[in-house]
Amino acid sequence: MTVHANFLPITASPILSVRDLTVGFTGDDGWLVAAAGVSFDLWPGRTTGLVGESGCGKTVTALALMGLVPPPGRITTGSIQLGGQELTTLDAAGLDRVRGRRIAMIFQEPMTALNPVFTVGEQVAEVLRAHRGLDRRAAWAEAVEGLHRVGIADPARRATAYPHQMSGGMRQRAMIAMALAGEPDVLIADEPTTALDVTIQAQIIDLLLDIQERMGLTILFISHDLGVVSEVADEVLVMYAGRLVEAAPAAALFAGPQHPYTQGLLATLPGRTAPGTRLPSIPGQVPDLRRLPAGCRFSDRCSRVKTACRTAEPELRTIGTAHRAACIRIGA
């Protein structure tokens, strides 16, 4: 496994800052918190990986950044600042001006994210008209060029195709073209390679890295696959049961994970065990957010648990300069 290395220096100010973000949903069983007290920064021109098992709160966090948390969900506390502008207080019109123009998102499944009754070219052109003020003719020409930039062959013909007439890889490229049409500063990629075969996955990752280099994009790359994240991320955030449990530069995290959950995730990667031996697994499953264990949320699955772990929920603690983990054993 090769850890991605982007040697752009970290600037003095993050482009996006999230502080104490909490997102919840009202359900039949009462109030459910899907993301609890999440804080992190995204830095200009760099990629941050957000990883964790399904249901840990990754996508909910991304939707909150976009102002797209579906009802009956809502942000209850926290701050999201993009270039110094607070997003949580914007009304619908304000969010429409920001979303797609300054921050954009590639969704996990393009077949459901793209509108089936409009051609791909029309959907990319719509972004160009809304956010860059182009007329229909200019927007269509730019949409075709945008499809070409993301590696779609014969873009003029493909622009007239409907989503169901394209392969999964081409639909994902079209989603990328649509997200980039407004020339955003921040791109959120939510599991952009999950439904694709290995060859197409590699092509999409290479495409994102190439676009980042050309445009100076800041990327939040969401995945459950640490192997994929190691190829793209400069910094890594690890999420478990709605909370961040570890945050570190990618090289530091892969070389020396501190939280037992992160250690367990890394241990399951192929190549970390001897050939012919059984891959290890993390016992149990992610807890039901309606019935969380007392204290540390990972305590029921942790092989190093002790009594104190079940009495109080640990906060992120700093190890060294930029590595943080939420475990009472840190520094003990």
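Residue indices follow the written sequence of each chain, beginning from 1 at its first position. In keeping with the model being predicted, local features are shown solely for residues with a pLDDT of at least 70 and side-chain atom pairs are shown and tallied solely at 80 or more, while totals for entire chains, interfaces and linings include all residues. Side-chain numbers here rest on the full set of heavy atoms in the structure, without hydrogens or water.

A few words now on the confidence of the model for the protein chain. pLDDT is a residue-level measure of predictor confidence that goes from 0 to 100. The predicted model of the protein chain averages 92 in pLDDT, with 96% of residues at 70 or higher. When the elements of the protein chain are averaged for pLDDT, helix H3 (residues 110-113) gives the smallest value, 89, and strand S9 (residues 235-240) the largest, 98. Elements are defined by DSSP. Helices are runs of H or I of four residues or more, strands are runs of E of two residues or more, and each kind is numbered from the N terminus.

Here the focus is the side chain of Thr119. Inspection of the secondary structure assignment puts Thr119 in the loop between H3 and helix H4 (120-132). Not counting residues up to four positions away in its chain, the partners in contact with Thr119 are Trp140, Ala159, Thr160, Ala161 and Tyr162. Note on contacts: a residue pair qualifies if any of its non-hydrogen atoms lie within 4.5 Å across the two residues.

Attention now goes to the nonpolar core. In summary, soluble globular proteins display a tendency toward joint burial of nonpolar side chains. To define a nonpolar core, start from buried Ala, Val, Leu, Ile, Met, Phe, Trp, Tyr and Cys residues and group those joined through side-chain atoms within 4.5 Å. Each residue is assigned to one of three classes by its accessible area relative to the maximum for its type, calculated with a 1.4 Å probe on protein chains only: buried under 20%, partly exposed between the two thresholds, exposed over 50%. Counting residues in each nonpolar core, the largest one holds 61 residues, and the members touching the most others are Ile176, Leu187 and Val236. Ranked by residue count, the leading element in this core is helix H7 (residues 168-180), at seven residues. Filtering out sequence-adjacent residues up to four positions away, Val236 remains in contact with Gly49, Val51, Val229, Glu246, Ala247, Ala248, Ala250, Leu253 and Phe254. In terms of nonpolar packing, the next biggest core, distinct from the first, is built from 34 residues, Val18, Phe25, Met66 and Val186 among them.

Another point: the pattern of salt bridges. Salt bridge, as used here, is a side-chain nitrogen of Lys or Arg placed within 4 Å of a carboxyl oxygen of Asp or Glu. Here the structure, examined in full by the defined rule, presents 17 salt bridges. Where Arg157 meets Asp154, a salt bridge forms, and the shortest distance between an N and an O atom there is 2.8 Å. In this structure Arg157 comes out as partly exposed when scored by relative accessible area, which is 48%. Using a relative accessible area of 41% as the deciding quantity, one classes Asp154 as partly exposed. Here Arg290 makes a salt bridge to Asp288, at a shortest N to O gap of 2.8 Å. According to the relative accessible area criterion, Arg290 is partly exposed, its value standing at 45%.

It is worth spelling out the sheet that holds strand S2 (residues 30-42) at this point. Taken in spatial order, the four strands of this open sheet run S2-S1-S4-S5, and their pairing is antiparallel. Of all the strands in the sheet, just S2 and strand S5 (85-86) have a single pairing partner and so form its edges. Strand pairing is assigned whenever DSSP identifies at least 2 bridges connecting the two strands. Relative to S5, strand S4 (residues 73-82) is paired through two bridges, and the arrangement is antiparallel. In the strand pairing of S5, Gln81 is matched with Glu86. Between N-to-C directions, angles span 0 to 180 degrees; the directions come from axes that are lines fitted to C-alpha atoms, helices contributing only their stretch in contact. Where helix H1 (residues 58-66) meets the sheet, its contacts fall on strand S1 (16-27), S2 and S4, and the angle it forms with S1 comes to roughly 110°.

A helix is expected to span 1.5 Å for every residue after the first. Taking 1.5 Å of rise per residue, the 13 residues of H7 would be expected to cover 18 Å, and the 18 Å separating its terminal C-alpha atoms lies within 8% of that figure. Burial of H7 is extensive: 11 of the 13 residues sit out of reach of the surface. Restricting attention to buried positions, one finds in H7 the residues Gly169, Met170, Arg171, Gln172, Arg173, Ala174, Met175, Ile176, Ala177, Ala179 and Leu180.

Residue Pro72 follows Pro71 across a cis peptide bond; omega there is 10°. Tracing the sequence through the fold places Pro72 in the loop between H1 and S4. In this model, Ala241 sits at a positive phi of 50°, which is unusual for a non-glycine residue.

Attention now moves to the pairing of strand S10 (residues 243-249). Most of S10 is tucked away, with six of its seven residues classed as buried. Both S9 and S10 contribute to a ladder of six bridges, which runs antiparallel. When the sheet's bridge partners are listed, Val238 is paired in S10 with Glu246. Linkage of S9 to S10, two consecutive antiparallel strands, is achieved through a turn of two residues, within which Ala241 is found at a positive phi near 50°. Two strands pair when backbone bridges link them, and S10 and strand S12 (residues 323-325) are joined in this way by two bridges, in the antiparallel orientation. Residue Ala247 lies in a different strand from S12, and its bridge partner there is Arg324.

Strand order in this open sheet of eight strands is S6-S7-S8-S3-S9-S10-S12-S11, and the pairing throughout is mixed. Of all strands in the sheet, those bounded by a partner on one side alone are strand S6 (103-106) and strand S11 (317-319). On average, each strand axis in the sheet is tilted by 20° relative to the strand beside it, whichever way the strands run. H1 contacts strand S3 (47-51), S6, strand S7 (186-190), strand S8 (218-223) and S9 of the sheet and is inclined by roughly 145° relative to S6. Packing against the sheet, H7 makes contact with S6 and S7, and its axis sits at approximately 175° to S6.

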